[in-house]
Amino acid sequence: MVDRRRRSVRTALVGEALRVALAGRSRTDPGGGLDIVDLGGGTGGFAVPLAVEGHRVTVVDPSPDALASLERRASDEGVSKLVRGVQGDAAELPGLAGESSADAVLCHGVLEVVDDPVQALQAMASVLREGGVLSLLVAQRNAVVLARALAGHLAEARIALQDPDGRWGATDPMPRRFDEAGITAQLADAGFMVHTVHGVRTFADLVPAAFVDSEPGAADSLAELERAASQHPAFRALATQLHILATR
Ligand SMILES: C[S@@+](CC[C@H](N)C(=O)[O-])C[C@H]1O[C@@H](n2cnc3c(N)ncnc32)[C@H](O)[C@@H]1O
C-alpha cells in the first residue's frame, strides 16, 4: 500500500498529461480505442491501464521476463485481447510495429538506455501516423548533479555536470541523461513538434520517504506540490525526469 502510494505520486502527473493528450486524438472508429505503441513498455505499468480504457497497445521490449509479466498483468485485468507483447529492440521498431501504424507512441525511461537515441527517435517518428502523439519520459541531468552533491559525492556531481552524457562516473549505471535544450533539439531534428514539457519527481525523490509514508495527508500534499512545480521553469529544471508531449 505504502509502495503503491509512493509510486503513484511519481507517475500520476505523467498519466494525467498523457490522458489529456490522448483525449484530444480523433479516433478512426468512434467509441473505439486508439492504436498505441509502448516502446520499452516493460511489465505494462502504463500499457495495461491504457488497455483497460479501451486502447489497443503493442509493447515492444527486449526482455522476455518483462513481456511474461505484461501478459499476466493484462490477463489479470481482463484485457489480453487489447495488449500485444513483441520482443525486440528500439532499432527494429518500424519493422515490428509497422510504419504509420500508431496514434501514440510511449517511450518512458528508455531513451537513456538504447544504443542510439537519435535512431530510436527516428524509428518512433516513422511508426506514428501524421499528427500522432509521442509521450517521452527521460532522466534529467540536473537532478543527478544535485543528488550526488547532497549525498556528499561532490566530485561526482561536478563530473555529471560536465559529462556530455550527464553521467557521474564509470560506475554510473545510467548510460545517459538529458537536459531540456538537448532533448528538445533532438526531437526537432527527428521531425517532432514539442507541445508540453513537465518536470516529474521534482520533490518526490528529495522528501524523506518515511515522512510521506507516516504523516496523514503527506502523499496528497506532495502530489499537489509536484503538480504545481511541474511547469515552473526553475523547479522543472531540477526534476528527476522530464515528460515531453510532442506530435509528428
Ligand atoms: C526503466 S524500464 C521502463 C519500463 C516502462 N517504460 C515504464 O515506464 O514503466 C526500461 C525498459 O526498457 C527496456 N529496454 C532496454 N533496452 C531497450 C531497447 N534497446 N529497446 C527497447 N526497450 C529497451 C527494458 O527491458 C525495460 O523494460
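Up top you'll find the structure we're talking about.
Bear in mind the structure is a predicted one, so any value in this text is a computation, not a measurement.

Draft legend 1. Here's a closer look at the overall build of the chain. If you tally the helices and strands in the chain, you get eleven helices and seven strands. Relative to the compact-globule value of 18 Å for 248 residues, the chain shows a C-alpha radius of gyration of 18 Å, a close match. Seen along its three principal axes, the alpha-carbon backbone of the chain occupies a region of about 55 × 45 × 35 Å. Residue burial in the chain is summarised as follows: out of 248 residues, 45% are buried. A fraction of 72% describes how many contacts in the chain between residues 6 or more apart in sequence connect residues 24 or more apart. Where the 24 positive side-chain charges of the chain centre and where its 32 negative ones centre are 3 Å apart.

Draft legend 2. Representation of the sheet that holds strand β5 (residues 128-139). Taking strand neighbours across the sheet as the criterion, the seven strands line up as β3-β2-β1-β4-β5-β7-β6 in an open arrangement whose pairing is mixed. Bordering the open sheet on either side are β3 (83-87) and β6 (193-200), each of which pairs with just one other strand. Adjacent strand axes in the sheet meet at a mean angle of 15°, parallel and antiparallel pairs treated alike. Of the strand pairs in this sheet, strand β4 (residues 102-108) and β5 are connected by six bridges, and their pairing is parallel. Bridged to A104 within β5 is V133. This element, helix α5 (residues 117-127), spans β1 (35-39), β4 and β5 of the sheet and lies at about 145° to β5.

Draft legend 3. Looking closely at the layout of surface pockets. Roughly 800 Å³ of internal volume is contained in the largest pocket. Lining the largest pocket are 34 residues, and of these T11, F46, L137, R201 and Q241 sit closest to its centre. Among the secondary structure elements, those contributing two or more residues to the lining of the largest pocket are α1 (2-23), β5 and α6 (141-150). For the lining of the largest pocket, the element with the highest residue contribution is α1, accounting for six residues. Class assignment of the residues belonging to the lining of the largest pocket gives a composition of twelve nonpolar, 13 polar and nine charged.

Draft legend 4. Spotlight on the environment of T171. Take T171: it is sitting in the loop between α7 (154-162) and α8 (180-189). Each C-alpha atom of the pair T171 and R25 lies 42 Å from the other, and the pair is 146 residues apart in sequence.

Draft legend 5. Structural view of the pairing of strand β7 (residues 241-247). The buried fraction of β7 amounts to seven of the seven residues, a majority that puts the element mostly inside the structure. Here β7 shows a buried face lined by Q241, H243, L245 and T247 and a second buried face lined by L242, I244 and A246. Sheet topology places β5 next to β7; seven bridges connect them, and they run antiparallel. When the sheet's bridge partners are listed, S135 is paired in β7 with L245. One ladder, built from seven bridges, connects β6 with β7; its direction is antiparallel. In the sheet register, M193 faces β7, and the bridge partner there is T247.

Draft legend 6. Representation of the site of the ligand in the model. Taken together, 15 residues form the shell around the ligand, and within it G40, D61, D89, A90 and H108 come nearest. Here D61 contributes a side-chain N or O atom positioned 2.6 Å from an oxygen atom of the ligand. At a separation of 2.8 Å, a nitrogen atom of the ligand approaches a polar backbone atom of H108. Along the lines of polarity and charge, the residues of the shell around the ligand split into seven nonpolar, six polar and two charged.

Draft legend 7. Just unusual backbone geometry, in detail. Of note in this structure, S100 is not a glycine but carries a positive phi near 45°. Positionally, S100 belongs in the loop between α4 (93-97) and β4. Of note in this structure, R201 is not a glycine but carries a positive phi near 65°. For R201, the position within the fold is in the loop between β6 and α9 (209-214).

Definitions and limits used
- Residues numbered from 1 in each chain as written.
- Predicted model: local features only at pLDDT ≥ 70, side-chain atom pairs only at ≥ 80, totals over all residues.
- Heavy atoms only, no water.
- Helix = DSSP H or I, 4+ residues; strand = E, 2+ residues; numbered from the N terminus.
- Rg over C-alpha atoms; globule rule 2.2 N^0.38 Å.
- Buried < 20%, exposed > 50% of the residue type's maximum accessible area, 1.4 Å probe, protein only.
- Contact = heavy atoms within 4.5 Å.
- Lys, Arg positive; Asp, Glu negative; His and termini not counted.
- Charge placed at Lys NZ, Arg CZ, Asp CG, Glu CD.
- Pairing = 2+ DSSP bridges.
- Axes fitted to C-alpha atoms, helices over the stretch in contact; angles between N-to-C directions.
- 1 Å grid on protein atoms, 1.4 Å probe; cavity = no way out; pocket = protein on both sides within 12 Å on 5 of 7 lines; lining within 4 Å.
- Points joined across faces, edges and corners; volume = space filled by probe spheres on them.
- Nonpolar A, V, L, I, M, F, W, Y, C, P; charged D, E, K, R; others polar.
- Near = heavy atom within 4 Å.
- Polar contact = N/O pair within 3.5 Å; in protein donor to acceptor, adjacent residues only side chain to side chain.

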